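# Fold and contact review
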Amino acid sequence: MMELSILLGMVGPWQIAVVAILVLLLFGGKKIPEMMRGLGSGIKEFKDASKGEEEKETPRSNKE
């Protein structure tokens, strides 16, 4: 666990910039917005599905 905190503490602005440049070079400027749109829709679907599961799990009161 200590190693993880050391590695996470070493991430700085230069490392983030290098990663951003590498992603831009690998995927190109046109592909990145498409990937982000897909990621956003995936997150939305996941939230909707988890919300639906919560509704299923809550017991409904029977009116007798």
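### Digging into the overall build of the chain
Across its full length, the chain holds three helices and zero strands. Sorting the 64 residues of the chain into buried and exposed places 2% on the buried side. Surface accessibility of the chain: about 6500 Å² in total, with carbon and sulfur atoms responsible for 67%.

### Quick look at the pattern of salt bridges
As enumerated under the stated definition, the model contains one salt bridge in all. With a shortest N-O distance of 3.7 Å, Lys31 and Glu34 are connected by a salt bridge. Highlighted residues: Lys31 and Glu34, both in helix H3 (residues 31-57), separated by three residues, approximately one helical turn. On the basis of relative accessible area, Glu34 is assigned to the partly exposed category, the value being 43%.

### Some points on helix H2 (residues 13-27)
End to end, H2 covers 21 Å across 15 residues, agreeing with the expected 21 Å (1.5 Å per residue, within 8%). Where H2 terminates, the next one or two residues include Gly28, which has phi positive at roughly 85°.

### What to know about a nonpolar patch on the surface
A cluster of nonpolar side chains, contributed by Val18, Ile21, Leu22 and Leu25, occupies part of the molecular surface with about 410 Å² of accessible area. Tracing the backbone shows Val18 in helix H2. Residue classification places Val18 among the partly exposed residues on the basis of a relative accessible area of 46%.

### Description of the confidence of the model for the chain
In the predicted model, the chain carries a mean pLDDT of 80, and 72% of its residues have values of at least 70. Mean pLDDT across the secondary structure elements of the chain bottoms out at helix H1 (residues 2-9), with 63, and peaks at H2, with 88.

What counts, and where the lines are drawn
Residues numbered from 1 in each chain as written. Predicted model: local features only at pLDDT ≥ 70, side-chain atom pairs only at ≥ 80, totals over all residues. Heavy atoms only, no water. Helix = DSSP H or I, 4+ residues; strand = E, 2+ residues; numbered from the N terminus. Buried < 20%, exposed > 50% of the residue type's maximum accessible area, 1.4 Å probe, protein only. Areas by Shrake-Rupley, 256 points an atom, 1.4 Å probe, with all protein chains shown as cover. Salt bridge = Lys/Arg side-chain N within 4 Å of Asp/Glu carboxyl O. Expected span 1.5 Å × (residues − 1). Patch = residues over 30% accessible without salt bridge, like charges linked within 9 Å, V, L, I, M, F, W, Y side chains within 5 Å. pLDDT = per-residue confidence, 0-100.

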